[in-house]
Amino acid sequence: MRKTLYIIGLSTLVFSCTSQKNVKKNTYRPKTTAAQPKTAVNSQNLEKNKPEVATEHGVEFFRTNIADITKNDNTTSYGSIVSAKPAGYKVVKTHFPAVAQNFRQKYLILHYTVLPDDKSVEVLTQQSVSAHYLVNNLGDNEIYQLVDENKRSYHAGISAWRSDKNLNDTSIGIEIVNMGYKADASGMKVFQPFSDEQIKKVAALAKDIVTRYNIPATNVLAHSDIAPTRKQDPGPLFPWKKLYDEYQIGMWYDEMAKQNFLTLAQTDIDTRYNEPSFIFVVQTALQKFGYDILPNGKWDDVTKKTVEALQYHFRPQNYSGVLDAETWAILQSLNQKYPTK
Ligand SMILES: [Zn+2]
């Protein structure tokens, strides 16, 4: 009876899902039709295309992807296979992995802890905040995993980027041990540098994660990018350009494109900085890039903090939150290079 239901169900799926754009990429195509004997479940074809399940230390996992990973979709998980164990029944997973599946992990978010090493471990494992990984500052070769990649960790809080919200649901979080900033006498935030060993660890870890989940450059972000009114981390001393240049991780603008925008950007700053129509254009550009901001034509606190977040990431020499020509040119070149789809 179950097999009969399976045939009917699969036939229905084949017809009802043909509009799904990824079905054609399937390398695993059971050609079941309702006319076949009900007892067979097309087992020969299925057997031929059966994905290999490996077992290590009692944990089962698929060895190979069954379809196209290039668009972060249609692939089996790299993680262990977590299945139900219904009383009296057997869950069969070797024959029936669906092609219509994707990763939950769409974003990689970087943080600093504002705590020393021992306290970072204590807080991130024992309190109501966490991250998938913690990069210590001990100069060793260890990276601590605190949360399974297939589970949510509580690192992002209220957050948004482009059309997505609550990024804990869809991200991997990396915390880096660093004391953050202290305000100097003038109120300017003075940040602590990261060690070279930490940056190498973060780069290797980030590379591994973005490769396995095919996370796009536009989704490798700072906590400050996805929560600009609340957060500054990992701050202006985190070397995003180095990660981009040396490891091909995340976003960076093209210098030539920025130069092309610079003259006009300077004119904008010099002649219409306080015009509501100009502020509206800048806010719209920030929103288009991905920041959670509603254009209103005013240099308000949200806009200042959003400009500051952009500067932490892409203009670390000036993170005043005040838009200068360089920042404005960088924002326009980023929007040109990474348009919203
Ligand atoms: Zn953070």
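A quick note: this is a predicted structure, and the numbers were derived from the prediction, not measured.

1. Some words on unusual backbone geometry
Line of reasoning, step 1. Residue Pro234 follows Asp233 across a cis peptide bond; omega there is 5 degrees.
Line of reasoning, step 2. Locating Pro234 in the fold gives a position in the loop between helix H5 (223-226) and helix H6 (240-247).
Line of reasoning, step 3. Of note in the backbone geometry, Arg162 takes a positive phi value of approximately 50 degrees without being a glycine.
Line of reasoning, step 4. Within the element layout of this structure, Arg162 appears in the loop between strand E6 (160-161) and strand E7 (164-165).
Line of reasoning, step 5. Unusually for a residue other than glycine, Asn214 sits at a positive phi of about 55 degrees.
Line of reasoning, step 6. For Asn214, the location among the structural elements is in the loop between helix H4 (196-213) and strand E11 (220-222).
Line of reasoning, step 7. By relative accessible area, Asn214 is classed as partly exposed at 28%.

2. A closer look at the coordination of the zinc ion
Tetrahedral coordination by four donors places them ideally at 109.5 degrees to one another around the metal; octahedral coordination by six donors ideally gives 90 or 180 degrees.
Line of reasoning, step 1. Within the protein, the atoms that donate to the zinc ion are His111 (ND1), His223 (ND1) and Asp233 (OD), at distances of 2.1 Å.
Line of reasoning, step 2. Site description for the zinc ion: donor spacing in sequence, H-x111-H-x9-D. Of the two residues, His223 is situated in helix H5 and Asp233 in the loop between H5 and H6; the sequence distance between them amounts to 10 residues.
Line of reasoning, step 3. Using a relative accessible area of 5% as the deciding quantity, one classes His223 as buried.

3. A look at the sheet that holds strand E3 (residues 107-112)
Line of reasoning, step 1. The strand order across the open sheet formed by five strands is E5-E4-E8-E3-E11, and the pairing between neighbours is mixed. If you trace the sheet from one side to the other, it starts and ends with strand E5 (144-145) and E11, each paired once.

4. What to know about the nonpolar core
Line of reasoning, step 1. The biggest cluster of nonpolar side chains holds 59 residues, and the ones touching the most others in it are Leu108, Trp161, Ile174, Ile209, Phe238, Phe289 and Phe314.
Line of reasoning, step 2. No other element matches H4, which puts eight residues into this core.
Line of reasoning, step 3. Each residue touching Phe238, except ones within four places of it in the same chain, is listed here: Leu110, Ile176, Phe194, Ile199, Val202 and Leu243.

5. Structural notes on helix H7 (residues 255-272)
An α-helix turns once per 3.6 residues; consequently, residues spaced three or four apart project the same way.
Line of reasoning, step 1. The terminal C-alpha atoms of H7, which comprises 18 residues, lie 25 Å apart, in line with the 26 Å expected from a rise of 1.5 Å per residue.
Line of reasoning, step 2. At Leu262, H7 shows its largest bend, some 40 degrees.
Line of reasoning, step 3. Within H7, the full set of buried residues consists of Ala257, Lys258, Ala265, Asp268 and Ile269.
Line of reasoning, step 4. Looking at the buried positions of H7, the neighbouring elements they touch are helix H8 (276-289) and helix H10 (325-337).

6. Here's the deal with the packing of aromatic side chains
Line of reasoning, step 1. Applying the stated criterion across every chain yields a total of 15 aromatic pairs.
Line of reasoning, step 2. With a centroid separation of 4.8 Å and an interplanar angle of 85 degrees, the aromatic rings of Phe103 and Tyr213 are classed as edge-to-face. Of this pair, Phe103 sits in the loop between strand E2 (59-62) and E3 while Tyr213 sits in helix H4; the two residues are 110 residues apart in sequence, bridging distant segments of the chain.
Line of reasoning, step 3. Of the residues examined, Tyr213 reaches a relative accessible area of 3% and is grouped as buried.
Line of reasoning, step 4. Ring centres 5.6 Å apart and planes at 35 degrees place the aromatic pair Tyr312 and Tyr319 in the tilted group. No difference in accessibility class separates Tyr312 from Tyr319, as the two residues are buried.
Line of reasoning, step 5. Every member of this aromatic cluster is reached through a ring pair, and the members are Trp161, Trp252, Tyr253, Phe289, Tyr291 and Phe314.
Line of reasoning, step 6. In this structure, Lys189 is placed above the aromatic ring of Tyr181, and the distance from its NZ or CZ to the ring centre is 5.6 Å.

7. Considerations on the pattern of salt bridges
Line of reasoning, step 1. Under the definition given, this model contains 15 salt bridges.
Line of reasoning, step 2. Lys242 is the salt-bridge partner of Glu246, the closest N and O atoms lying 3.5 Å from each other. Linking Glu246 with Lys242, this pair stays in helix H6, spanning four residues, or about one helical turn.
Line of reasoning, step 3. Relative accessible area serves as the criterion here: at 34%, Lys242 is assigned to the partly exposed category.
Line of reasoning, step 4. Among the ionic contacts, a cluster of salt bridges with common partners joins Glu149, Asp208 and Arg212.

Analysis parameters
- Residues numbered from 1 in each chain as written.
- Predicted model: local features only at pLDDT ≥ 70, side-chain atom pairs only at ≥ 80, totals over all residues.
- Heavy atoms only, no water.
- Helix = DSSP H or I, 4+ residues; strand = E, 2+ residues; numbered from the N terminus.
- Buried < 20%, exposed > 50% of the residue type's maximum accessible area, 1.4 Å probe, protein only.
- Donors = N, O, S within 2.8 Å, 3.2 Å for Na, K, Ca; no water.
- Pairing = 2+ DSSP bridges.
- Core = buried A, V, L, I, M, F, W, Y, C linked by side-chain atoms within 4.5 Å.
- Contact = heavy atoms within 4.5 Å.
- Expected span 1.5 Å × (residues − 1).
- Bend = angle between axes of the 7 residues up to and from the residue.
- Phe/Tyr/Trp six-rings, centres within 6.5 Å; stacked < 30°, edge-to-face > 60°.
- Lys NZ or Arg CZ within 6 Å of the ring centre and 35° of its normal.
- Salt bridge = Lys/Arg side-chain N within 4 Å of Asp/Glu carboxyl O.

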